[in-house]
Amino acid sequence: MRTAYTWVRTALRGFWTTRRAALRTDSGMSTVEYALGTLTAAGLAAVFYKVVTGGSVSGALESLVTKALDAPF
C-alpha cells in the first residue's frame, strides 16, 4: 500500500512540475504583442488621418503654408 501511494505521489508531482513549467514559458506572447501593437498603430493612424483631413485642421495647415510662402526674405 505504501509503495502505491509513493508511486502516485511521485507521478502527480512530476505532472504538476511539467504543468507549472509549461505555464511559465512565454512562447507565442511576442506574436500577440506585435499583433496588438500593429492594430493600435493602425487605429491611431486612422484617427490622425481623420483629424488632419478635417476642415479646421486642413484650413489651419493651408494658412500656415501660405503665410510661410508669402514671407518676405
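Not measured: the values here are computed from a predicted model.

1. Digging into the overall build of the protein chain
- Within the protein chain, the regular secondary structure consists of three helices and zero strands.
- Computed over C-alpha atoms, the radius of gyration of the protein chain comes to 31 Å, more than 25% over the 11 Å expected from 2.2 N^0.38 for 73 residues, which places it beyond the range of a compact globule.
- By residue count, 0% of the 73 residues in the protein chain fall in the buried class.
- Accessible surface for the protein chain amounts to roughly 6,800 Å². Of this, 70% is attributable to carbon and sulfur atoms.
- Side-chain charges of the protein chain comprise 8 positive and 4 negative groups, with the mean position of each set lying 35 Å from the other.

2. So, the packing of aromatic side chains
- Summed over the entire model, instances satisfying the criterion amount to one aromatic pair.
- Geometrically, the ring pair formed by F15 and W16 is edge-to-face, given 5.0 Å between the ring centres and 75 degrees between the ring planes.

3. Notes on the environment of L64
- Position of L64 among the secondary structure elements: in helix α3 (residues 55-69).
- It is 30 Å that separates the C-alpha atoms of L64 and T40, two residues lying 24 residues apart in sequence.

4. Some thoughts on a nonpolar patch on the surface
- Judged by side-chain polarity, L44, V47, F48, V51, V52, L61 and L64 come together as a nonpolar surface patch covering roughly 650 Å² of accessible area.
- When contributions to the nonpolar patch are tallied by element, the ones reaching two or more residues are α2 (29-52) and α3.
- Considering every element that reaches the nonpolar patch, the biggest residue donor is α2, with five residues.
- The topology assignment puts V51 in helix α2.

5. Observations concerning the confidence of the model for the protein chain
- This prediction gives the protein chain a mean pLDDT of 82; 90% of its residues lie at or above 70.
- Ranking the elements of the protein chain by mean pLDDT puts helix α1 (residues 2-24) last, at 80, and α2 first, at 88.

The rules behind the values
Residues numbered from 1 in each chain as written. Predicted model: local features only at pLDDT ≥ 70, side-chain atom pairs only at ≥ 80, totals over all residues. Heavy atoms only, no water. Helix = DSSP H or I, 4+ residues; strand = E, 2+ residues; numbered from the N terminus. Rg over C-alpha atoms; globule rule 2.2 N^0.38 Å. Buried < 20%, exposed > 50% of the residue type's maximum accessible area, 1.4 Å probe, protein only. Areas by Shrake-Rupley, 256 points an atom, 1.4 Å probe, with all protein chains shown as cover. Lys, Arg positive; Asp, Glu negative; His and termini not counted. Charge placed at Lys NZ, Arg CZ, Asp CG, Glu CD. Phe/Tyr/Trp six-rings, centres within 6.5 Å; stacked < 30°, edge-to-face > 60°. Patch = residues over 30% accessible without salt bridge, like charges linked within 9 Å, V, L, I, M, F, W, Y side chains within 5 Å. Salt bridge = Lys/Arg side-chain N within 4 Å of Asp/Glu carboxyl O. pLDDT = per-residue confidence, 0-100.

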